[in-house]
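So you can see what is in the structure, the chains are spelled out below.
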Amino acid sequence: MKKSYIPFCLFLMIQLSACVLQKPIAPEYIDYIGEWQSDTYALEIFQNGSATYNSNKLQFARPRNLDGRVKIDGEKIRIIGTSEEEGGRVRLRIDEPPTMAFDSVSGQEYFYMILEGDELRRTD
């Protein structure tokens, strides 16, 4: 009887670890890594493929706070929640990818991107 538990436990551990593993950000999307903020969104994307998302936008279709895996392609950023309490998905349309700009008032350069019509600035 005890011998049947060992393969089951190994199988379960492999399945659980496959669900949790993050896929690192692809080199072509390296500019997306960092903390981004606007009046509507706060988004932090990590090198290991995880992200945190917070929004003060009142939309019933999206969670307001989410921690999970991130997938980036040329058109969308997708964040998939990793825990049952914080489950859900967020899809944000990329209107403009991360771009370097010059602030004429402060004289400093900064990165920004436009998601769903909102300009987010990188804060780190």
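Heads up: these notes are all about the structure in this document.

Rules used throughout
- Residue numbering note: each chain is counted from 1, following its sequence as written.
- Only residues with pLDDT of at least 70 are given local features in this predicted model, and only at 80 or more are side-chain atom pairs given and counted; all residues enter the totals for whole chains, interfaces and linings.
- To obtain the side-chain values, all non-hydrogen atoms of the structure were included, while hydrogens and water were left out.
- Here a patch means residues that are over 30% exposed by relative accessible area and free of salt bridges, tied together within 9 Å if like-charged and within 5 Å if nonpolar (Val, Leu, Ile, Met, Phe, Trp, Tyr).
- Accessible surface is estimated by sampling points in the Shrake-Rupley manner with a 1.4 Å probe; for residues, cover comes only from the protein chains shown.
- By salt bridge we mean one thing: a side-chain nitrogen of Lys or Arg within 4 Å of a carboxyl oxygen of Asp or Glu.
- Only four residue types enter the tally: Lys and Arg on the positive side, Asp and Glu on the negative side; His and the chain ends are excluded.
- For the purpose of locating charges, the reference atoms are NZ of Lys, CZ of Arg, CG of Asp and CD of Glu.
- The helix count covers DSSP runs of H or I at least four residues long, the strand count covers runs of E at least two residues long, and both are numbered beginning at the N terminus.
- For each residue, the accessible area found with a 1.4 Å probe, counting protein chains only, is set against the maximum for its type, and the residue is called buried under 20%, exposed over 50%, and partly exposed in between.
- By nonpolar core we mean a set of buried residues, namely Ala, Val, Leu, Ile, Met, Phe, Trp, Tyr and Cys, connected to one another through side-chain atoms within 4.5 Å.
- Contacts were defined at the residue level, with two residues in contact if any of their heavy atoms lie within 4.5 Å.
- Think of it this way: DSSP has to see at least two bridges between two strands before they count as a pair.
- Axis geometry follows a simple rule: fit a line to the C-alpha atoms, using only the stretch in contact for helices, then measure angles between N-to-C directions, giving values from 0 to 180 degrees.

## Focus on a positive patch on the surface
Okay, so step 1: Taken together, the side chains of Lys-23, Lys-71, Arg-89 and Arg-91 make up a positively charged region of the molecular surface.
Okay, so step 2: With respect to the helices and strands, Lys-71 occurs in strand S4 (residues 65–72).
Okay, so step 3: Given a relative accessible area of 44%, Lys-71 falls into the partly exposed group.

## Considerations on the nonpolar core
Okay, so step 1: Judged by nonpolar contacts, the single largest core of 22 residues is most densely connected at Leu-43, Ile-45, Ile-72, Ile-77 and Ile-79.
Okay, so step 2: If you list the elements that add at least two residues to this core, you get strand S2 (41–45), strand S3 (50–55), S4, strand S5 (76–81), strand S6 (89–102) and strand S7 (109–115).
Okay, so step 3: Apart from the residues lying within four places of it in its own chain, the contact partners of Leu-43 are Gly-34, Glu-35, Trp-36, Thr-52, Tyr-53, Ile-77, Ile-79, Met-113, Leu-115 and Leu-120.

## Quick look at the sheet that holds S2
Okay, so step 1: Sheet architecture is closed into a barrel: eight strands sit in the order S1-S2-S3-S4-S5-S6-S7-S8, paired in antiparallel fashion. Pairwise comparison of adjacent strand axes, ignoring direction, gives a mean angle of 35° for this sheet.
Okay, so step 2: Of the pairings in the sheet, the one linking S4 to S5 comprises five bridges and is antiparallel in character. Its bridge partner lying in S5, Val-70 is registered against Ile-79.

## Focus on the pairing of S2
Okay, so step 1: Burial of S2 is one-sided: the residues Tyr-41, Leu-43 and Ile-45 facing one way are buried, the residues Ala-42 and Glu-44 facing the other way are not.
Okay, so step 2: The pairing of strand S1 (residues 34–37) with S2 spans four bridges and is antiparallel. Along S2, the bridge assignment pairs Gly-34 with Ile-45.
Okay, so step 3: Joining the antiparallel neighbours S1 and S2 is a turn of three residues.
Okay, so step 4: Strand direction decides the pairing type here: S2 and S3, joined by five bridges, are antiparallel. Counterpart to Glu-44 in the pairing with S3 is Thr-52.
Okay, so step 5: Here S2 hands over to S3 after four residues, with Gly-49 in that stretch at a positive phi of 95°.

## Some thoughts on the pattern of salt bridges
Where charged atoms from two side chains of opposite charge approach closely, those side chains can pair.
Okay, so step 1: Scanning the model with the defined rule gives four salt bridges in all.
Okay, so step 2: Across the pair Arg-78 and Asp-73 runs a salt bridge, and its minimum N-O distance is 2.9 Å.
Okay, so step 3: In this structure, the salt-bridge partner of Glu-119 is Arg-121, at a minimum N-O distance of 3.4 Å.
Okay, so step 4: You can call Glu-119 partly exposed: its relative accessible area is 38%.

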